[in-house]
Each structure stands twice: as C-alpha cells, then as structure tokens.
Amino acid sequence: MQAWVRGLAAAVPSRCGVCGAWPAEAVCRACTVRFMPAQPRCGRCALPVPAGVATCGHCLREPPPLDACHAAVSYSYPWSGLIARFKFQGQPGQAATLAGLLRAATGVEEALAQSDLVLPMPLARARLAGRGFNQALEIARRLAPGRTDTLLLLRARETPPQASLSRRDRLANVHGAFAVDPLRAVAALRGRRVALVDDVMTSGASVFAAARALRDAGAAEVRALVVARTDE
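All of the points below concern the structure found in this document. All residue numbers refer to position in the chain's written sequence, counted from 1. Reporting of local features is limited, given that this is a predicted model, to residues whose pLDDT is at least 70; pairs of side-chain atoms are given and counted only at 80 or more, and all residues count toward the totals for whole chains, interfaces and linings. Excluding hydrogens and water, the side-chain values take into account all heavy atoms of the structure.

Taking 1.5 Å as the rise per residue, helix H11 (residues 205-216) with 12 residues should run 16 Å; its terminal C-alpha atoms sit 16 Å apart, in good agreement. Think of it in three bands: with a 1.4 Å probe and only protein chains considered, a residue is buried below 20% of the maximum accessible area for its type, exposed above 50%, and partly exposed in between. In this text, helices come from DSSP runs of H or I with a minimum length of four residues, and strands from runs of E with a minimum of two, each type numbered from the N-terminal end. For H11, the tally of buried residues reaches nine of 12 residues, placing the bulk of the element in the interior. Inspection of H11 places Ala205, Ser206, Val207, Phe208, Ala209, Ala210, Ala211, Ala213 and Leu214 among the buried residues, and these make up the whole buried set. One or two positions beyond H11, positive phi appears at Gly218, with a value near 115 degrees. Under the convention used throughout, the expected extent of a helix is 1.5 Å for every residue step, that is, one less than its residue count.

Here it is, written out as structure tokens:
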C-alpha cells in the first residue's frame, strides 16, 4: 500500500475519488488507510478467510481452475462506487487509480513479474458498444502494457447479465462463453503463465470459465488479478 500511495503522490493533484477532498491524489492517503485495511484472503479464490488460513473450505472441496487469485479490496463502500463511476459514467481514466489499488495488494507484483501474458476478461459485444471501452483491458494495460494481449482470449457467445442469477445459474450461464483464438492457441499459450485481469469478481463464475478455456488451450498456470471481490 505504501508504494502505491507514493506513486499517486507524484501524480497531478486532483479531488479524492472517495471523500472529494481537494487538492489530493486520485484517492487520498486518509481514505486509503481507512478503507483499505489488510484482509487475509483465500489464495485460490480471494474470499476473506481467518488469519492463518491459506485456502477456504470451498476451494479445498472443489479446487477452482486458478493457481492463485489476488484481490485488492472488498466490493463495498467506497470502492464499489468508484468502480461504478469508472464503468458506467464514462470515466476510463480511473483505470490508473484501480490499477494502483491492485498493485498494492499482496502477491500482485510477484504474479505480474512471473506472468508471460496479461489477459483482460473480454467484454460482451453489446456491453462494449454501450460502454465504449472494456474496463478490464484499461486496467490490464496499466499493469503490464508490454505483455497485455487483447485478442487471444475471446468472448465466444453473449450471455445474460449475471447479477440476478444464483451461483449455480451463474456457472451454467457462462459455461462455454470464453474461448482462445484457435489460430494462436498453441504458439501463444502452450506452457505459458497467464495473469487474468478483471475489475470485479463476485461468484467467480466468469473468471473460472475463462481460466478453464486458457487451461484447455495449454496454459501452464493461470492467476486472476481482480480489483474488488465480494465477501461471500
């Protein structure tokens, strides 16, 4: 967290995106300290766990197709509002702030350093047209611009929004929704280590489906990097 705060301090001053203080960094020091406390998380799905627990019970029973999952913050106030403004109010410039949050999370810098490719979660065509940008891509570009591939992981089919669905229905909804470019799969992915980037992870259904597609195409390792994670 301290490295991220120092990095923001060098940026052009603006209003804090959380408390509105002026002048401040993109998120001021006081808000960072208050709303980004250290939180032990499951190493496989990033759900909160008690201190000293490495893997949650669900991941022990049903291991996900991820080698690791890292999240910066819980998907709650004030971060949920910041992400909503980023996605739905035409503020793609907030990607730098969210990438900074993600870099501050334990394990993320190491995961980025060890990854051969950084892939954003692909956005459904209709949502991309309506929004004008893919939020995961904007974050990924700021994390690792030289290793971000925008065309390798593809959205194979459109799916209804996940928000109103149960966990079981979410898993079924995104089954087969992602694919790897068949003309590049072997050369680009076989034996490679991949970092999969998204802004929010709720049930994990979409991230898990994308990770399975990458593994089926030959990826040796898949780690997820998400800015915010729901707590249940």
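Next up on the list: the side chain of Ser74. Mapped onto the elements of the fold, Ser74 is located in strand S1 (residues 68-74). Residue classification places Ser74 among the buried residues on the basis of a relative accessible area of 15%. At a separation of 3.0 Å, a polar atom in the side chain of Ser74 contacts the side chain of Arg41. Look past the residues within four positions of Ser74 in its chain and what remains in contact with it is Arg41, Trp79, Ala228, Arg229 and Asp231. Between N or O atoms, a polar contact is any pair within 3.5 Å; within protein, one atom must be a potential hydrogen donor and the other a potential acceptor, and residues adjacent in sequence are included only when both atoms are from side chains. Residues count as neighbours in contact if any of their non-hydrogen atoms are within 4.5 Å of one another.

This part is about the environment of Leu183. Looking at the secondary structure, you find Leu183 in the loop between strand S4 (178-180) and helix H10 (185-189). Exposure remark for Leu183: the relative accessible area of 80% places this residue in the exposed category. Between the alpha carbons of Leu183 and Leu152 there is a distance of 9.4 Å; along the sequence they are 31 residues apart.

This part takes up the layout of surface pockets. Points on a 1 Å grid over protein atoms alone make up a cavity when a 1.4 Å probe fits among them but cannot get out, and a pocket when they form an open set with protein on both sides within 12 Å along at least five of seven lines; lining residues each have an atom within 4 Å of a point. Grid points are joined across faces, edges and corners, and a volume is the space filled by probe spheres set on the points. In this structure, the second largest pocket spans a volume of roughly 430 Å³. Around the second largest pocket sit 22 residues that line it, and Gln39, Arg41, Ala71, Ala72 and Thr106 are the ones nearest its centre. The dominant element in the lining of the second largest pocket, judged by the number of residues it contributes, is S1, at six residues. Of the residues assigned to the lining of the second largest pocket, the class counts are 15 nonpolar, six polar and one charged. Residues are grouped as follows: Ala, Val, Leu, Ile, Met, Phe, Trp, Tyr, Cys and Pro are nonpolar; Asp, Glu, Lys and Arg are charged; every other residue, Gly included, is polar.

This next bit is on helix H5 (residues 95-104). Of all 10 residues that make up H5, eight are buried, and the element is covered over most of its length. Taken as a whole, H5 has its buried residues at Ala95, Thr97, Leu98, Ala99, Gly100, Leu101, Leu102 and Ala104.

With that out of the way, let us pick up the sheet that holds strand S6 (residues 221-229). Note: two strands are recorded as paired if DSSP finds a minimum of 2 bridges between them. Spatially, four strands are ordered S1-S6-S5-S2 in an open sheet, and the strand pairing comes out parallel. Since the sheet does not close on itself, it has two edges, and those belong to S1 and strand S2 (117-120), each with one partner. If you compare each strand with its neighbour and ignore which way they point, the axes differ by 20 degrees on average. Sitting on the sheet, helix H4 (residues 79-88) is in contact with S1, strand S5 (193-201) and S6, with an inclination near 100 degrees to S5. Inter-axis angles, ranging from 0 to 180 degrees, are taken between N-to-C directions of lines fitted to C-alpha atoms, where helices are fitted over the stretch in contact. Strands S2, S5 and S6 of the sheet are contacted by H11, whose axis makes an angle of about 165 degrees with S5.

What is shown is where atoms sit, not what they do.
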